[in-house]
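Letter by letter, the chains look like this.
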Amino acid sequence: MGALAGLSPEQVSNLVIAYEPVWAIGTGRTASDDDAQQVNNFIRRVIASKFGSNAAEAVRIQYGGSVKPETPRG
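Reading the values: the criteria
All residue numbers refer to positions counted from 1 along the written sequence of the respective chain. With pLDDT at 70 or above as the cut-off, local features in this predicted model cover only qualifying residues; side-chain atom pairs require 80 or more to be listed or tallied, and sums for whole chains, interfaces and linings still use all residues. Just so you know, side-chain values use all the structure's heavy atoms and leave hydrogens and water out. Numbering of helices and strands runs from the N terminus; a helix is a DSSP stretch of H or I covering at least four residues, while a strand is a stretch of E covering at least two. Pairs of N or O atoms are called polar contacts if they sit within 3.5 Å, as long as, within protein, a hydrogen donor faces a hydrogen acceptor (for residues adjacent in sequence, only side-chain-to-side-chain pairs). A 1.4 Å probe rolled over the protein chains alone gives each residue an accessible area, and that area as a share of the maximum for its type sets the label: buried under 20%, exposed over 50%, partly exposed in between. Strands qualify as paired when DSSP identifies two bridges or more between them. Between the rings of Phe, Tyr and Trp (Trp by its six-membered ring), a pair exists once the centres lie within 6.5 Å; its type follows the angle of the planes, with under 30 degrees stacked, over 60 edge-to-face, and the other angles tilted.

Draft legend 1. Quick peek at the environment of Ser 32. In this structure, Ser 32 sits in the loop between strand 1 (16–19) and helix 2 (33–51). Of note is the side chain of Ser 32, whose polar atom sits 3.0 Å from the backbone nitrogen of Asp 35.

Structure below.
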C-alpha cells in the first residue's frame, strides 16, 4: 500500500491497478476466471479498507497476464 500513501479516496477512484501473477510471467499460462476474480476481490477489499467502498467500487483493475487466441472471452 506504500504506493498509494498520501492519495485521497477520490484519487484512488481514478486509478487503474494492473497486476500479473508471478507464475504467468513468461510462461504462457493464463489465470482462470475464478483466479482472476479472487484477485480482483482481494484488491477491492484492500482498497475498501484504506479508502472506503466508493473508491473500491470505482477503481479499475486490469489483468496483465498471458493471453492466447484460445483464451475464453467474458
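Draft legend 2. Expanded view of the pairing of strand 1. Side chains of strand 1 alternate between two faces, with Ile 17 and Tyr 19 buried and Val 16 and Ala 18 left unburied. Bridging between strand 1 and strand 2 (residues 60–63) involves 4 bridges; their strand directions are parallel. Bridge pairing in strand 2 places Tyr 19 opposite Tyr 63.

Draft legend 3. Representation of the packing of aromatic side chains. On inspection of all chains with the given rule, the structure shows 1 aromatic pair. Relative to Tyr 63, the ring of Tyr 19 has its centre 5.6 Å away and its plane inclined at 65°; by these criteria the two rings are edge-to-face. Residue Tyr 19 is found in strand 1, and its partner Tyr 63 is found in strand 2; the two are separated by 44 residues along the sequence. Judged by its relative accessible area of 13%, Tyr 19 is buried. Overall, the relative accessible area of 26% leaves Tyr 63 in the partly exposed class.

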